[in-house]
Amino acid sequence: GGADARGAADLHYEFSAGASSEPPVLLLHGLFGSSADVARLRAAFAGRDVISVDLPGHGRSGPSLAKHAAGFEPLVFAFDAQVDALAGLLDRLDADLVDVVGYSLGGRLALGLKRTHPAKVRRVVALSARLAGLAGDAGPEAAARRADDAALADRVRALDGQNDWRGFFDGWYAEHDTAPKRGLK
């Protein structure tokens, strides 16, 4: 089958058709990534339908115009909103059941999708995904994860201008050396 790139709602995705009767594979990238980061994984699922998604605000996916009450962060970046957007995309694609492979943030979203929409997800492979802090987790590690997530969000909100962003990403990818290296131009 061929591959094409389409947008559904605000989510950009790429679909590769396969001849297998197995459920499609949904590939989810990590924070600050895009579907290009998981493109090499397509070959591992030769013969199966594969859906690669640019998560909200990543790659070619745009953020929703809906805003949090505070008015500064698009609602679509909230964890549950991202999970619901993925479930909505699966509905629009008539993908009743999928296997999900996610890296980092994508792994957390895969687990969130399995938790909130269990009938849609047969299996999850979560790579480098910290599970602490998912809804329903009230332990001390979860509280620390939520605090780390909030600190990162504050740090990103404070970035102003290309040099700030360049410095941030240089540091981010140096710290997370398993992720693809990117340079801002």
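Structural notes, computed from the coordinates.

The rules behind each value
- Residues numbered from 1 in each chain as written.
- Predicted model: local features only at pLDDT ≥ 70, side-chain atom pairs only at ≥ 80, totals over all residues.
- Heavy atoms only, no water.
- Buried < 20%, exposed > 50% of the residue type's maximum accessible area, 1.4 Å probe, protein only.
- Helix = DSSP H or I, 4+ residues; strand = E, 2+ residues; numbered from the N terminus.
- Pairing = 2+ DSSP bridges.
- Axes fitted to C-alpha atoms, helices over the stretch in contact; angles between N-to-C directions.
- Parallel < 35°, antiparallel > 145°, perpendicular 65-115°, else oblique.
- Contact = heavy atoms within 4.5 Å.
- Nonpolar A, V, L, I, M, F, W, Y, C, P; charged D, E, K, R; others polar.
- Expected span 1.5 Å × (residues − 1).
- Salt bridge = Lys/Arg side-chain N within 4 Å of Asp/Glu carboxyl O.

### Side note on the pairing of strand β5 (residues 98–103)
Each regular strand shows side chains that alternate between the opposite faces of the sheet. β5 sits mainly inside the fold: 5 of its 6 residues count as buried. Here 4 bridges tie strand β3 (residues 25–28) to β5, and the two strands are oriented parallel to one another. Bridge pairing in β5 places Leu 26 opposite Val 100. Bridge count for β5 against strand β6 (residues 121–127) is 6 bridges, and the pairing is parallel. Following the sheet pairing, Val 101 is matched in β6 by Val 125.

### Points about the packing of helix α1 (residues 79–92) against helix α2 (residues 105–116)
Relative orientation of the contacting elements α1 and α2 amounts to 70 degrees, with a least axis distance of 9 Å. Relative to α2, the element α1 lies roughly perpendicular. Note on element contacts: α2 touches α1 through Leu 105, Arg 108, Leu 109, Gly 112, Leu 113, Arg 115 and Thr 116, opposite Phe 79, Asp 80, Gln 82, Val 83, Leu 86, Ala 87 and Leu 90. Its residues assigned to classes, the contact of α1 with α2 comprises 8 nonpolar, 3 polar and 3 charged.

### Quick word on α1
Given a rise of 1.5 Å per residue, 14 residues ought to cover 20 Å, and the 20 Å separating the end C-alpha atoms of α1 matches this to within 8%. The set of residues buried in α1 consists of Gln 82, Val 83, Leu 86, Ala 87, Gly 88, Leu 89 and Leu 90. Following α1 by one or two positions, Asp 94 adopts a phi angle in the positive range, close to 55 degrees.

### A look at α2
Here α2 is 12 residues long and its end C-alpha atoms lie 16 Å apart, about the 16 Å a rise of 1.5 Å per residue gives. Burial in α2 covers these residues: Leu 105, Gly 106, Gly 107, Arg 108, Leu 109, Ala 110, Gly 112 and Leu 113.

### What about the pattern of salt bridges?
Under the criterion given, the structure shown has 8 salt bridges. The shortest N-O distance in the salt bridge between Arg 60 and Glu 14 comes to 2.7 Å. On the criterion of sequence distance, the pair formed by Arg 60 in the loop between β4 (50–54) and α1 and Glu 14 in strand β2 (residues 11–16) is long-range, its members being 46 residues apart. A salt bridge links Arg 123 to Asp 99; the shortest N-O distance between them is 3.3 Å. Remark: Asp 99 occurs in strand β5 and Arg 123 occurs in strand β6; sequence separation between them is 24 residues.

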